[in-house]
Amino acid sequence: MSPDAPSSPSGALREDVSDDASVSLSTAPFDRPGAEQPPTGKDALRIVHVYPHLLGTYGDAGNAIVLRYRAQARGIAVELVVVQPGEPVPSQGDIYLLGGGEDAKQTAAAHELRGDGGILTAAGRGAALFGICAGYQLLGETFLGVGGAVTAGLGLLDVRTDRLESRAVGNMLARPVAGSGLSDLIGFENHGGATVLGPDARPLGHVAIGVGNGDGRGTEGAVQGNVYGTYFHGPALALNPALADRLLASAVGELAPLDDALCDALRRHRLQEVLPATARVGRLQRLRRRLPGGGRGTGTSGATATLSEVPTSAG
Ligand code: GLN
């Protein structure tokens with residue numbers, strides 16, 4: 001990407017990547033306004049990163065890098081389009097990514113996306129959408145925006161978001177729903193919203209450690225057609241390659257296997273070292289709450305599992 005290249009007609013930034021399968025993971029900034037190269041071509045996989053300046057609180061931009069890497073490593077050309085607020089959202093993308101953000105930014109993003117309409121058209125075409133936390137909530141029917149006001153989402157997921165009793169902050173582990181083909185989902189969460197699924201949405205998984213949707217049923221995330229929502233930050237797709245490949249496959253079909261040895265090692269570390277420690281803290285917090293006067297000032301509502309519930313393989 002050349003920072004001196006001209007702006008795109010839409011004002012959206014395009015970062016285009018060669019179809020060289022040997023290309024390494026680029027850490028070049030891709031959200032610099034005004035930087036652009038010509039599109040890779042109409043056959044390129046178009047990944048649209050939506051409003052990273054509003055939605056991207058916890059490294060969620062990494063999800064775009066992960067998808068690009070995993071496509072390129074299979075010889076798939078990628079066009080990464082980064083759209084900032086005020087710029088039109090292209091309707092012809094293949095995969096759209098929305099990250100997390102504070103209530104005010106989330107509310108602004110929802111208003112702007114509804115007014116723009118590009119992402120709604122894309123969803124109507126069957127494009128894949130992946131929303132994290134604020135991005136998840138705003139894909140739904142309603143969420144609580146600034147000052148707790150019930151705010152209309154995009155209506156693309158049959159979910160409604162209310163408030164948790166206490167904010168969920170901490171590491172999270174969820175078992176994928178049976179038959180999903182996904183591996184254990186890992187990452188961390190930080191949200192005040194409690195999300196309830198309607199009949200048209202299915203959960204992505206069931207929480208073993210953490211809170212997830214906080215719906216009283218132990219569910220985490222939602223999927224409806226090609227629209228995905230989750231409370232996993234991390235970035236979610238770096239820690240959960242099977243989920244990344246699910247999104248890619250929905251756009252390009254069957255995928256060749258990748259050597260994920262490095263990622264598997266990272267997942268093993270999280271599953272065997274980090275998450276058991278989270279579970280231990282959660283167990284202590286629950287014990288403390290049972291004591292007279294307990295439960296005050298224990299901080300988060302994070303860990304809900306026991307150590308024995310944590311698996312010992314990368315899964
Ligand atoms: N503002 C939302 C909430 O607190 C989303 C938070 C986030 O994206 N991390 O529930």
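Each helix and strand in the protein chain was counted, giving 7 helices and 13 strands. Considering the protein chain as a whole, with its 315 residues, one finds that 50% of them fall into the buried category. In the protein chain, the share of contacts with a sequence separation of at least 24, taken over all contacts with a separation of at least 6, comes to 72%.

So, about the site of the ligand. Neighbouring the ligand are Thr-57, Gly-100, Gly-101, Glu-102, Asp-103, Gln-106, Cys-133, Ala-134, Asn-190, His-191, Gly-192 and Gly-193. Among the secondary structure elements, those contributing two or more residues to the shell around the ligand are α2 (103-116) and β9 (185-197). In the shell around the ligand, the residues fall into 2 nonpolar, 8 polar and 2 charged.

The next subject is the pairing of strand β8 (residues 159-176). In terms of strand pairing, β8 meets β9 through 12 bridges, oriented antiparallel. The partner of Ala-168 across the bridge, within β9, is His-191. Relative to strand β10 (residues 205-209), β8 is paired through 4 bridges, and the arrangement is antiparallel. What sits directly across from Ala-174, in β10, is Val-207.

To continue, consider the confidence of the model for the protein chain. Summarising the model, the protein chain shows a mean pLDDT of 85, and 80% of its residues fall at 70 or more. Note that residues 1-13 has pLDDT below 50 and, in this model, 36 contacts with residues that lie over four places away or in other chains. When the criterion is pLDDT under 50, residues 15-40 qualifies, and its contacts beyond four places in sequence or with other chains add up to 61 contacts.

At a minimum axis separation of 10 Å, helix α1 (residues 62-72) and helix α6 (residues 241-252) run at an interaxial angle of 70 degrees. Between α1 and α6, the angle falls in the class roughly perpendicular. Our pair here, α1 against α6, has a crossing hand that is right-handed. Touching Val-66, Leu-67, Arg-70 and Ala-71 of α1 are Ala-244, Asp-245, Leu-247 and Leu-248, all from α6. Each residue belonging to the contact of α1 with α6 can be placed in one class, and the counts come to 6 nonpolar, no polar and 2 charged.

What follows covers the pairing of strand β2 (residues 45-50). Burial analysis of β2 places 6 of its 6 residues in the buried class, the great majority of the element. A two-sided burial pattern is seen for β2, the buried positions comprising Leu-45, Ile-47 and His-49 on one face and Arg-46, Val-48 and Val-50 on the other. Summarising the sheet, β2 and strand β3 (residues 78-83) pair through 6 bridges and their orientation is parallel. Of the residues in β3, the one forming a bridge with Val-50 is Val-83. Pairing of β2 with strand β4 (residues 95-98), which is carried by 3 bridges, proceeds in the parallel orientation. The residue bridging Val-48 from the neighbouring strand is Tyr-96, located in β4.

On to unusual backbone geometry. Each neighbour pair has its own omega, and for Gly-234 with Pro-235 the value is -10 degrees, a cis peptide bond. Within the element layout of this structure, Pro-235 appears in the loop between β13 (227-230) and α5 (236-239). Its identity as a non-glycine residue notwithstanding, Tyr-51 has a phi of 50 degrees, on the positive side. Considering the arrangement of structural elements, one finds Tyr-51 in the loop between β2 and α1.

The rules we used
- Residues numbered from 1 in each chain as written.
- Predicted model: local features only at pLDDT ≥ 70, side-chain atom pairs only at ≥ 80, totals over all residues.
- Helix = DSSP H or I, 4+ residues; strand = E, 2+ residues; numbered from the N terminus.
- Buried ≥ 20, exposed ≤ 12 C-beta atoms within 10 Å, placed from the backbone.
- Contact = placed C-beta atoms within 7 Å.
- Near = placed C-beta within 6 Å.
- Nonpolar A, V, L, I, M, F, W, Y, C, P; charged D, E, K, R; others polar.
- Pairing = 2+ DSSP bridges.
- pLDDT = per-residue confidence, 0-100.
- Axes fitted to C-alpha atoms, helices over the stretch in contact; angles between N-to-C directions.
- Parallel < 35°, antiparallel > 145°, perpendicular 65-115°, else oblique.
- Left-handed = near helix turned anticlockwise from the far one by under 90°.

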